[in-house]
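Descriptive structure summary
Here is what each chain is made of, one letter per residue.
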Amino acid sequence: MTKPISLRGVSYAYPTHRGQMFALQDVDLLIPASQFCCVLGPSGCGKTTMMNLVAGFLQPTSGSVDIDGKPIREGAGDRGVVFQDFSQLFPWRTIRGNVEFGLEIRGMDAARRRERAEEILDLVGLSKFAQSHPHQLSGGMQQRAAIARALAYDPPVLLMDEPFAALDAMTRDVMQNLLAEIWQKTRKTVLYITHNATEAAFLGQRVIVLSAHPGRIKRDFAVDLPRPRDPLSDAFVHKAREIVAALGE
Ligand SMILES: Nc1ncnc2c1ncn2[C@@H]1O[C@H](COP(=O)(O)OP(=O)(O)OP(=O)(O)O)[C@@H](O)[C@H]1O
Ligand SMILES: [Mg+2]
């Protein structure tokens, strides 16, 4: 299952003691169903704000955000969300318990829940750790569990805010490859936030570059390199350079 995301004329202002402070301004972005779209921009340009708008945690100050043509409803089961920090899992639940959480609140019976959790844990390579608790896992494993939790109830849209930023470089490479494989298998619509141009070029079919504060869309790149992508190939390096240059413009 997969659905398009659209932002039309979206601005968002945080209230501050000096009045409204615009974090995003006039963002028009249509992400077709099944597209892997990376949003890239400098620190403070409004990336997390954009993600929170699509997740339904914030309401736009003006404009509209919708999934499959319908306004975002908080708590609706059409989005799986993965954040940067390792503390997003429920510490008191096992890894399987974390993955089953979304299925439980949707009323799936225990046997099917378990079957689904096993299937997804296998996809992210954590089957052996189903009974462990989050604190017993490394950072990379916890992020894999967070991805498994987000995928478990098969949401059409996956929202990820720098999910691998806190990992060491080697683990990050492994996770990027894993995510690219998962996307190829599931073809979910992915909104992936990052401040790393190479990561965006590696993962995205499309890379949106935001301007610095307040965030506006500055560039929109198609990345049509074949997968699996080789970050050392000339074509990749060329594309990554183009994106880095746009960031610095
Ligand atoms: N709760 C808040 N109240 C007031 N201003 C905020 C709030 N949250 C964020 N901002 C401001 O809005 C702007 C955008 O913040 P946001 O977190 O969306 O940026 P970001 O692109 O995700 O940055 P980073 O790459 O550092 O994560 C920043 O200038 C920030 O200071
Ligand atoms: Mg952020």
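What counts, and where the lines are drawn
Residues numbered from 1 in each chain as written. Chains lettered and ligands numbered in written order. Predicted model: local features only at pLDDT ≥ 70, side-chain atom pairs only at ≥ 80, totals over all residues. Heavy atoms only, no water. Helix = DSSP H or I, 4+ residues; strand = E, 2+ residues; numbered from the N terminus. Expected span 1.5 Å × (residues − 1). Buried < 20%, exposed > 50% of the residue type's maximum accessible area, 1.4 Å probe, protein only. Arc of directions from axis to C-beta. Pairing = 2+ DSSP bridges. Axes fitted to C-alpha atoms, helices over the stretch in contact; angles between N-to-C directions. Parallel < 35°, antiparallel > 145°, perpendicular 65-115°, else oblique. Left-handed = near helix turned anticlockwise from the far one by under 90°. Contact = heavy atoms within 4.5 Å. Nonpolar A, V, L, I, M, F, W, Y, C, P; charged D, E, K, R; others polar.

Compared with an ideal rise of 1.5 Å per residue, which puts 14 residues at 20 Å, helix α3 (residues 110-123) spans 20 Å between its outermost C-alpha atoms and is within 8% of the ideal. Within α3, burial applies to R113, R116, A117, I120 and L121. Here the buried residues of α3 occupy an arc of 130° about the axis, which is enough to place them on one side. Turned more than 90 degrees off the buried face of α3, the exposed positions are A111, R112, E115 and D122.

Below, the discussion takes up the pairing of strand β1 (residues 5-16). Pairing of β1 with strand β2 (residues 19-31), which is carried by nine bridges, proceeds in the antiparallel orientation. Paired with A13 across the bridge in β2 is F22. Here β1 hands over to β2 after two residues, the two strands then running antiparallel side by side. Note that β1 and strand β4 (residues 62-67) share five bridges and pair antiparallel. Counterpart to L7 in the pairing with β4 is V65.

The next thing to look at is the packing of helix α2 (residues 95-105) against helix α4 (residues 139-152). Helix packing geometry: the angle between the two helix axes and the distance between the axes. One can describe the packing of α2 onto α4 by two numbers: an axis separation of 7 Å at closest approach and a directional angle of 25°. As judged from the angle between their axes, α2 and α4 are roughly parallel. Crossing handedness for the pair α2 and α4: right-handed. Along its contact with α2, which presents I95, N98, V99 and L103, the element α4 presents A145, A148, R149 and A152. The residue inventory of the contact of α2 with α4, partitioned by class, reads six nonpolar, one polar and one charged.

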